[in-house]
Amino acid sequence: MNNIVAIVGRPNVGKSTLFNRLIQRREAIVDSVSGVTRDRNYGKSEWNGKEFSVIDTGGYVRGSDDVFEGEIRKQVELAIDEADVIIFVVDVEEGITPMDDAVAKLLRKVTKPVLLAVNKVDNSMREKDAVEFYNLGLGEYYTFASISGSGTGDLLDALIDAFPVKPEPTKEEIVLPRFCVVGRPNAGKSSFINALIGEDRYIVTDIAGTTRDAIDTKFDRFGFEFNLVDTAGIRRKTKVKEDLEFYSVMRSVRAIEHSDVCILIIDATRGFEGQDQSIFWLAEKNRKGVVILVNKWDLVEKDTMSTRDYEAKIREQLQPFTDVPIIFVSALTKQRLLKALEETVKVYENRAQRISTSKFNDYMLKIIENHPPPALKGKYVKIKYCMQLPTPTPQFVFFANLPQYVKEAYKRFLENKIRENWDFSGVPIDIYIREK
């Protein structure tokens, strides 16, 4: 399971610029105006062969009347609570400010590793100026410049060294499939598991946040055997919507990374909302199998077109990854729960299936011959061989004479043809074009 790194600090010290550099994409908005980052950004990063998740938080502010700054402060505190390592970013140009002191005071109470990162150090004079940050009482500091990337290597080396040692998975976890139940607060996750196992093992109330921690249940009924994880994971019973949504995603990050298939439960009475999409794309980014269950379907007023229309709206929001099972269930009346289980197991099997190289070439090369990649600059791309890679998730490589001329549109075409002939429903596919 990957480690989680939270980037914290006061507004406008360069947290989002560092985040973009770590994930190697311009995903977080960067502006000289403080307070641009209000929501949290999530991304994957890798250094020296170690993968980890990165969270970019909003700027930490104390004593402000601004409603957004109050929310940002709560979210930063939650990120610190959930992360394995915290990177505290400060600005050498402005030196230590009262807000830096407030963040440092908070971090001195934390038992987790805290890396003090001094930003905007791009010359020897500023290197000397950084010495004052010893006064924050957080020990050693690391100087870097997030815009140019100078010094980030040393910071990342220290980050990898600071990660806690993760326990090795037990044999049971290796053998049994691991299915996690994720979704927004109060979508019916615990009710769904209670209905499956046939007993009220989890407390269910109308208060979002009743389930506080991720809990494993070994499921062995109806001919199925797997580990089922309830991941509501919201510790604080609070009515602040932003806090609840943030914490559900934080917990989902951990659950998704440690699972084979994610059962995403959405509330039929609320629809497929932004938070549901965030959790779905977290699963897709982590290359996990996904099954979507539309819960509380018994509460929705229906006509003959309701199911089809509702499903079409969800698939529209999932583009381009629309090959996902969507099942309408009710945890209360136990409607279609067995079908939901069957689909989840099928997605697990789809994710693990292997296609022989000879069969794959026989099918795909005929399609490529009839529909070759478009010529570019008078250059013709020829693909003569392809195969599935021996990886835990479905990945396919096509060997071409000019791989650089094969565009994303053609990769999607190849993926669609693979899905037409082999059942990869609910499973993300990776397509690679390599030089032969």
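Residues numbered from 1 in each chain as written. Predicted model: local features only at pLDDT ≥ 70, side-chain atom pairs only at ≥ 80, totals over all residues. Heavy atoms only, no water.

An unreviewed UniProt entry annotates the protein as GTPase Der originating from Flavobacterium chungnamense. UniProt, in its Subunit (unreviewed entry) section for the protein, records the words "Associates with the 50S ribosomal subunit." Check the Function (unreviewed entry) section of the UniProt entry for the protein; it says "GTPase that plays an essential role in the late steps of ribosome biogenesis." (UniProt positions renumbered as here; feature names shortened; annotations may be inferred.)

S.K.: Describe the confidence of the model for the protein, and please don't skip the residues or the numbers.
M.R.: Summing up the model confidence of the protein, the mean pLDDT is 78 and the portion of residues at 70 or higher is 78%. Taken as a whole, residues 200-215 scores under 50 in pLDDT and shows 44 contacts with residues more than four places along the chain or in a different chain. Contacts from residues 233-244, a stretch scored under 50 in pLDDT, to residues over four places away or in other chains number 37 contacts. (pLDDT = per-residue confidence, 0-100. Contact = heavy atoms within 4.5 Å.)

S.K.: Got a sec to walk through the packing of helix α12 (residues 357-370) against helix α13 (residues 408-421)? Specific residues and values, please.
M.R.: Put simply, α12 and α13 touch, their axes get as near as 11 Å, and they point 135° apart. In terms of axis orientation, α12 runs oblique to α13. Here α12 and α13 pass one another in a crossing that is right-handed. On the side of α12, the interface is formed by Phe 360, Tyr 363, Met 364, Ile 367 and Ile 368, while α13 contributes Tyr 410, Phe 413, Leu 414, Lys 417, Ile 418, Glu 420 and Asn 421. Classifying every residue of the contact of α12 with α13 by side-chain character gives nine nonpolar, one polar and two charged. (Axes fitted to C-alpha atoms, helices over the stretch in contact; angles between N-to-C directions. Helix = DSSP H or I, 4+ residues; strand = E, 2+ residues; numbered from the N terminus. Parallel < 35°, antiparallel > 145°, perpendicular 65-115°, else oblique. Left-handed = near helix turned anticlockwise from the far one by under 90°. Nonpolar A, V, L, I, M, F, W, Y, C, P; charged D, E, K, R; others polar.)

S.K.: Now, about unusual backbone geometry: what can you tell me, with residues and values included?
M.R.: Between Gln 319 and Pro 320 the backbone carries a cis peptide bond, its omega angle lying at 5°. The residue Lys 296 is not glycine, and still its phi comes out positive at about 65°. Positionally, Lys 296 belongs in the loop between β11 (289-295) and α10 (306-318). A positive phi angle is found at Arg 336, which is not glycine, with a value near 60°. Position of Arg 336 among the secondary structure elements: in the loop between β12 (326-328) and α11 (337-352).

S.K.: Go over the nonpolar core, please, and point to the residues and values.
M.R.: Within the largest apolar cluster, 49 residues are counted, with the highest numbers of intra-cluster contacts made by Phe 88, Leu 107, Phe 280, Ile 292, Val 294 and Ile 314. In terms of residues, this core owes the most to one element, helix α9 (residues 274-285), which gives four residues. Once residues lying within four places of it in the same chain are set aside, the contact partners of Phe 88 are Val 8, Gly 9, Asp 100, Val 103, Ala 104, Leu 107, Val 114, Leu 115, Leu 116, Ala 117, Leu 136 and Leu 138. With 26 residues, the next largest nonpolar core counts Phe 224, Phe 226, Val 291 and Val 329 among its residues. (Core = buried A, V, L, I, M, F, W, Y, C linked by side-chain atoms within 4.5 Å. Buried < 20%, exposed > 50% of the residue type's maximum accessible area, 1.4 Å probe, protein only.)

S.K.: Explain the sheet that holds strand β15 (residues 430-435) to me, and be specific about the residues and the numbers.
M.R.: Taken in spatial order, the three strands of this open sheet run β13-β14-β15, and their pairing is mixed. What marks the edges here is a single partner per strand, and that holds for β13 (383-388) and β15. The sheet shows a mean angle of 20° between the axes of neighbouring strands, taken without regard to direction. As defined by bridge partners, β13 adjoins strand β14 (residues 395-400) across five bridges and the pair is classed as antiparallel. Looking across to β14, one finds that Met 387 is bridged to Val 397. Contacting β13 and β14, α12 runs over the sheet at an angle of about 140° to β13. Each of β13, β14 and β15 is contacted by α13, which is oriented at about 120° to β15, the strand it contacts most. (Pairing = 2+ DSSP bridges.)

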